[in-house]
Amino acid sequence: MDKLSVLLVFVPADSGVDGPSLLGEPEHSGFLHSLKDSVLKNVIKRAQFAIPPLSLMILSSIDEPDIEQHICDLRFETFPLDRHWDLIGISVQTGAVRPAFELSAILREKGFRVVLGGPYVTVFPERCRDRGDVLVIGEADEIWRKVLADLRRGRLQKEYRVDELPDLTCGSSVKKDALELRSYFTTNVVQTTRGCPYSCDFCNVHVMNGHKIRHRDIDGVVREVEGFLEKDRRIFFFLDDTVNADDDYAEKLFHELIPFGINWVGQATTRLGENSRLLDVFARSGCGALLVGIESLAEESNRAHNKFHNPADRQAECIRNIRDAGICVYGSFIYGLDEDTLEQTDAIEAFLEETGIDVPGINLLRPIPGTEVFNRLADECRLLHDRNDHDAFRFSWGQEMLYRPKKIPIEAFIPSYTALTKRVFTVRRAIQRAANAPTLRSAVLMFNLFYVHMYNLSRKDLARQMQELGEDKAKGKS
Ligand code: B12
Ligand code: SF4
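Engineer: Please give an account of the site of ligand 2 that cites residues and values.
Structural biologist: Cys 196, Tyr 198, Ser 199, Cys 200, Cys 203, Val 205, His 206, Asp 241, Thr 242 and Gly 293 make up every residue found near ligand 2. Taken together, the residues of the shell around ligand 2 sort by class into five nonpolar, four polar and one charged.

Okay, structure coming up:
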């Protein structure tokens, strides 16, 4: 009997980190400009640090007799319409909902059966119900086996709901067999924990993955790293939202990884700078860079958004400690939180100077549907689009405003933001940051140059929005 074929699809977002529109419209023609464009395209493609979707790697690693699974990453591949597929799974992420639904509609029209899963389906199952033949709601690590078994028996159900969050300690290891290894900057993506004890109101990780931290078994992670190295010796991305969420676990795990001599990057809280033992273990296990969420430098703003866990008064010192340990810091700010005033822009610039942050990310708040902040802004009539029209919002960073800030009129806010990004993201500063980076200098340079370009595009979006706001005002709309 022929095996049943299942295809798992990752859909690019319309804009931002993985959309082609990040290149913008070509402004000039001619040989030199097209040469510049193609060099830029190359830098951008490399600087995107494209990594494979871990969710689909996990699902495709589940062995079920008589079923073969493939991954199609539409960021790099065209859809294999010329083949027969017994089931097509689409991962639906906020930011890529419209293209995901459109793809599903086309495929269903052609007679394929489509199963939808992923963060958006988990948070808004009722909006997805008519968009696929089958829904999987929640973390699918375990239930996917049941879906596959039901497919084999010809008894697929309309809906699979994960009632209890999977116990990660007994998770099986992730394989890369379904991936096109060369498409990616690296294929070494690992998650060691899920769930977040915090409740920042702009995030929905705690909504989807729960408040309790669930660890994987340390031995399991170590074996996975060892196995991954056989196929790909490039850098590792630890995708945990907070890789130091549990200091003891992190210390044990990364201590065990020291002998493998890997290089890795991840996301952490600045609190790490206060734990010299863990910092030392991170550095010795090959940590090259960490993204830290600073959000606002006005502590009352962080509190207004339920973010309490950064050591406000010791933030700069913590960042310096991390960099002194030889680890680059990507500092992620959100300008425009509820207690922010126009003074924040100078404060951010001074903080960047003081700490030497290697890659700054100065974001606008992206209220994601399903988060507390989205609902609150909608209730306060501060969203700039209809709360029910999720497609109207673009969730990529640095683009147009999606809401009205609380303390700063939007007409003053936008110019203050664009003036800030114009000062912070220059080629000269990119070169300076790379020269001062504790390690990974060429990556720091590439990332910063990428941002010079991206924030330039963002300024264009915002200039257009300022004009529209002015026109609306002239017409008497609010
Ligand atoms: C790495 C990462 C990225 C990477 C890679 C993207 C990816 N999805 O692999 C990049 C940088 C490209 C990225 C981009 C974006 N991201 Co992102 N990203 C993450 C991060 C940190 C880890 C993702 C991950 O691998 N998780 C681990 C896997 C195992 O979990 P999972 O993806 O949820 O998958 C499980 C279930 O959802 C389900 N499932 C998933 N897909 C499918 C498909 C089928 C068929 C089935 C049955 C089940 C299923 O089963 C999986 C196993 O349990 C998460 C935070 C987080 N904790 O998840 C944010 C997160 C997913 N990102 C988010 C956002 C908003 C974005 C962007 C819109 C950001 C932007 N501003 O542009 C884009 C969208 C890009 C896109 N095309 O979807 C939000 C999503 C919120 C939401 N409700 O959808 C998250 C949760 C962050 C947050 N704080 O809220 N992201
Ligand atoms: S932003 Fe980070 S710390 Fe805050 S709730 Fe989300 S995952 Fe947790």
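Structure shown, so let's carry the discussion forward.
Engineer: Run through helix α15 (residues 410-424), naming residues and quoting values.
Structural biologist: With 15 residues, α15 extends 21 Å between its outermost C-alpha atoms, agreeing within 8% with the 21 Å of an ideal straight helix rising 1.5 Å per residue. Along α15, the residues that are buried comprise Phe 413, Ile 414, Tyr 417, Thr 421 and Val 424. Taken down its axis, α15 places every buried residue within 110° of arc, on the same side. Among the exposed residues of α15, those oriented more than 90 degrees off its buried face are Glu 411, Ala 412 and Ala 419. Its buried side turned inward, α15 meets β13 (328-335), α13 (344-355), β14 (359-364), α16 (427-436) and α17 (441-474).

Engineer: How would you explain the confidence of the model for the protein if you had to name every residue and give the values?
Structural biologist: Confidence in the prediction for the protein averages 91 pLDDT; 92% of positions are at 70 or higher. Considering only residues more than four positions removed or in separate chains, one finds that residues 18-24, a stretch of pLDDT under 50, has 17 contacts.

Engineer: Please set out the domain arrangement of the protein residue by residue, giving values where relevant.
Structural biologist: Assigned domains within the protein: domain 1 (4-161) and domain 2 (186-466). For domain 1 versus domain 2, the separation of C-alpha centres amounts to 25 Å.

Engineer: How would you explain the sheet that holds strand β10 (residues 236-238) if you had to name every residue and give the values?
Structural biologist: Taken in spatial order, the six strands of this open sheet run β7-β10-β11-β12-β13-β14, and their pairing is parallel. Looking at strand neighbours, the two that pair on one side only are β7 (188-190) and β14, the edges of this open sheet. This sheet shows a mean twist of 20° between the axes of neighbouring strands, independent of strand direction. By the bridge criterion, six bridges tie strand β12 (residues 287-295) to β13 in an arrangement that is parallel. Bridge pairing in β13 links Leu 291 to Tyr 330.

Engineer: Which residues make up the packing of helix α8 (residues 218-231) against helix α9 (residues 247-257), and what values do they have?
Structural biologist: Between α8 and α9, whose axes approach to 10 Å, the crossing angle comes to 30°. Relative to α9, α8 is oriented so that their crossing is right-handed. In this structure, α8 contributes Ile 218, Val 221, Val 222 and Val 225 to the contact, and α9 contributes Lys 252, Leu 253, Glu 256 and Leu 257. Looking at the contact of α8 with α9, its residues break down into six nonpolar, no polar and two charged.

Here is what the cut-offs are and how they apply
Residues numbered from 1 in each chain as written. Chains lettered and ligands numbered in written order. Predicted model: local features only at pLDDT ≥ 70, side-chain atom pairs only at ≥ 80, totals over all residues. Near = placed C-beta within 6 Å. Nonpolar A, V, L, I, M, F, W, Y, C, P; charged D, E, K, R; others polar. Helix = DSSP H or I, 4+ residues; strand = E, 2+ residues; numbered from the N terminus. Expected span 1.5 Å × (residues − 1). Buried ≥ 20, exposed ≤ 12 C-beta atoms within 10 Å, placed from the backbone. Arc of directions from axis to C-beta. Contact = placed C-beta atoms within 7 Å. pLDDT = per-residue confidence, 0-100. Domains from an automatic or database assignment. Pairing = 2+ DSSP bridges. Axes fitted to C-alpha atoms, helices over the stretch in contact; angles between N-to-C directions. Left-handed = near helix turned anticlockwise from the far one by under 90°.

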